[in-house]
Amino acid sequence: MAAGALLALPFFAGCGVGEKTSLDMIDRRFASFYSDYLIRSGVTAEDDPVVLLRPDSDAFVTLLGRHSLTPYEFNCRMTRYRQQPERWNEVLLLVRKNLQKEKT
């Protein structure tokens, strides 16, 4: 019976309600990149047309490089965020903070 309880522990680890995900440095660089991407694409402007950069474009890769990210890291993070929506939410909160700072 005790062995069954021990086997269940990994499934319950990290399931705390309201537990905040700790972002690592790559998450923070990704948030900085994504903030910059949104600003450069015109998504944050009210009157300007939106011009999204294609992920296979030189401008997109250059923008990644400015934030010390590679296309490989970008793809790995996108996969990770799909698997860990709580982490993606924390990244988006940081993006929001970055955009608010940019406005002021």
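Residues numbered from 1 in each chain as written. Predicted model: local features only at pLDDT ≥ 70, side-chain atom pairs only at ≥ 80, totals over all residues. Heavy atoms only, no water.

### Brief notes about the side chain of S35
Stage number 1. Among the structural elements, S35 can be located in helix α2 (residues 25-41).
Stage number 2. Judged by relative accessible area, which is 4%, S35 ranks as buried.
Stage number 3. Setting aside residues up to four positions removed in sequence, S35 forms contacts with V95, N98 and L99. (Helix = DSSP H or I, 4+ residues; strand = E, 2+ residues; numbered from the N terminus. Buried < 20%, exposed > 50% of the residue type's maximum accessible area, 1.4 Å probe, protein only. Contact = heavy atoms within 4.5 Å.)

### Observations regarding the pattern of salt bridges
Stage number 1. The full count for this structure, using the stated rule, is six salt bridges.
Stage number 2. A salt bridge links D24 to R77; its shortest N-O distance comes to 3.1 Å. Here D24 is found in the loop between α1 (2-12) and α2, whereas its partner R77 is found in helix α4 (residues 71-83), with 53 residues between them in sequence.
Stage number 3. With a closest N to O distance of 3.0 Å, D36 and R40 form a salt bridge. Separated by four residues within a single helix, D36 and R40 lie in helix α2, roughly one turn from each other.
Stage number 4. The class of D36 is buried, set by a relative accessible area of 17%. (Salt bridge = Lys/Arg side-chain N within 4 Å of Asp/Glu carboxyl O.)

### What to know about α2
Stage number 1. For α2, with 17 residues, the first-to-last C-alpha span of 24 Å sits near the 24 Å given by 1.5 Å per residue.
Stage number 2. The set of residues buried in α2 consists of D27, F30, A31, F33, S35, D36, Y37, L38 and S41.
Stage number 3. On its buried side, α2 packs onto α3 (58-66), α4 and α5 (85-103).
Stage number 4. Here α2 starts with a cap whose side-chain oxygen sits 3.1 Å from the backbone nitrogen of I26, and that cap is D24.
Stage number 5. Positive phi shows up at G42, right after α2, with a value of about 85 degrees. (Expected span 1.5 Å × (residues − 1). Polar contact = N/O pair within 3.5 Å; in protein donor to acceptor, adjacent residues only side chain to side chain.)

### Things to note about the packing of α2 against α3
A packed helix pair is summarised by two numbers, namely the angle formed by the two axes and the spacing between the axes.
Stage number 1. The geometry of α2 relative to α3 is characterised by a closest axis approach of 9 Å and an angle of 140 degrees between their N-to-C directions. Compared by their axis directions, α2 and α3 come out oblique. The way α2 lies across α3 gives a crossing that is right-handed. Where α2 abuts α3, its residues F33, D36, Y37 and R40 lie against F60, L63, L64 and R66.
Stage number 2. Here the residues of the contact of α2 with α3 are counted per class, giving five nonpolar, no polar and three charged. (Axes fitted to C-alpha atoms, helices over the stretch in contact; angles between N-to-C directions. Parallel < 35°, antiparallel > 145°, perpendicular 65-115°, else oblique. Left-handed = near helix turned anticlockwise from the far one by under 90°. Nonpolar A, V, L, I, M, F, W, Y, C, P; charged D, E, K, R; others polar.)

Taken by themselves, the reported measurements are silent on function.
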